[in-house]
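# Understanding the architecture of this molecule
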Amino acid sequence: METTRIPIPSELFAPAESSHFEGSYTVPVLKAGPDLYDFAEPLSWQVDVTNTGDALLVTGTVEGEARTSCARCVDDFSFPVTGEVEGYFLLGADKEAPEDMDDDEFNVLPEDNVIDLEPLLNAALLLEFPLVPLCDEECKGLCPTCGANLNEGPCGCAPAEGDGGDDVPPNPFAVLKDFPFEQN
């Protein structure tokens, strides 16, 4: 099923009833901060919708393979992503949300009784993307002088003056070595 819209069956309007739904979702490019994520294959999702008495609780997962650029070497890489889907839909605009929920933590079930999962799926994915996407924790990045990918081997650039060589970065506090600090 290639839709993210779930028509709520009438039996789900009885308290404590639950139903399972699943499908696939073709994701457009998602932007998270400065990074863009795309997906070669449609994502699979599955959710359970449960009537809590005053609302419908939607819980489940969305999963697939995301692709983005490494923040250090700018090469594209792919990684698996699994997001936890969660939504809360009040059964009627006159219902009140639980006291411990903010206004942005719930929705009102639309009059057509159809829940669109797309915003919930996107939110679940965005929460799983890394703040700084790296192809590998040990990624060496690019040479600041010539731009060569240091993961593919050393470049031909001479080490910067004051550089210890051997892949040891220069000490950024070296400029303070002769600073006359006041002694109290």
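Summarised in this report is the structure supplied together with it.

Cut-offs used in this document
Residues numbered from 1 in each chain as written. Predicted model: local features only at pLDDT ≥ 70, side-chain atom pairs only at ≥ 80, totals over all residues. Heavy atoms only, no water. Core = buried A, V, L, I, M, F, W, Y, C linked by side-chain atoms within 4.5 Å. Buried < 20%, exposed > 50% of the residue type's maximum accessible area, 1.4 Å probe, protein only. Helix = DSSP H or I, 4+ residues; strand = E, 2+ residues; numbered from the N terminus. Contact = heavy atoms within 4.5 Å. Phe/Tyr/Trp six-rings, centres within 6.5 Å; stacked < 30°, edge-to-face > 60°. Pairing = 2+ DSSP bridges. Salt bridge = Lys/Arg side-chain N within 4 Å of Asp/Glu carboxyl O.

Before going further, it helps to examine the nonpolar core. Formed by 35 residues in total, the largest nonpolar core has its most connected members in Phe39, Trp45, Val47, Leu117, Leu125 and Phe129. Going through the elements one at a time, strand E2 (18-25), strand E5 (43-51), strand E6 (55-69), strand E7 (76-90) and helix H1 (118-128) are the ones with two or more residues in this core. Residue contributions to this core peak at five residues, all from E7. Apart from residues lying up to four places away in sequence, Leu125 is in contact with Val27, Leu30, Phe39, Leu43, Val62 and Val81.

With the rule as written, the count across this model stands at four aromatic pairs. Linked through ring pairs, Tyr37, Phe39, Phe77, Phe79 and Phe129 together constitute an aromatic cluster.

Looking now at the pairing of E2. Here E2 shows one buried face, formed by Ser19, Phe21, Gly23 and Tyr25, and one open face, formed by Ser18, His20, Glu22 and Ser24. Bridge count for E2 against E5 is eight bridges, and the pairing is antiparallel. If you follow Glu22 over to E5, its bridge partner there is Gln46.

A word on unusual backbone geometry. Although it is not a glycine, Val74 adopts a positive phi angle of roughly 60 degrees. Position of Val74 relative to the elements: it lies in the loop between E6 and E7. Look at Val74 and you get exposed, because its relative accessible area is 52%. The phi angle at Asn113 is positive, at roughly 55 degrees, despite the residue not being glycine. Note on Asn113: relative accessible area 27%, which makes it partly exposed.

Considering all chains together, one arrives at two salt bridges under this definition. Taking the shortest distance from any N to any O, the salt bridge between Asp112 and Arg5 comes out at 3.6 Å. With Asp112 in the loop between strand E8 (107-108) and strand E9 (114-116) and Arg5 in strand E1 (residues 5-7), this residue pair connects regions lying 107 residues apart in the sequence. Residue classification places Asp112 among the partly exposed positions, given a relative accessible area of 47%. Residue class for Arg5 comes out partly exposed when judged on its relative accessible area of 40%. One salt bridge connects Asp38 with Arg67, and the closest N-O pair in it is separated by 3.2 Å. Placement of the pair is Asp38 in the loop between strand E4 (35-37) and E5 and Arg67 in strand E6, with a sequence separation of 29 residues.

Such coordinate-based values are descriptive only and should not be taken to indicate function.
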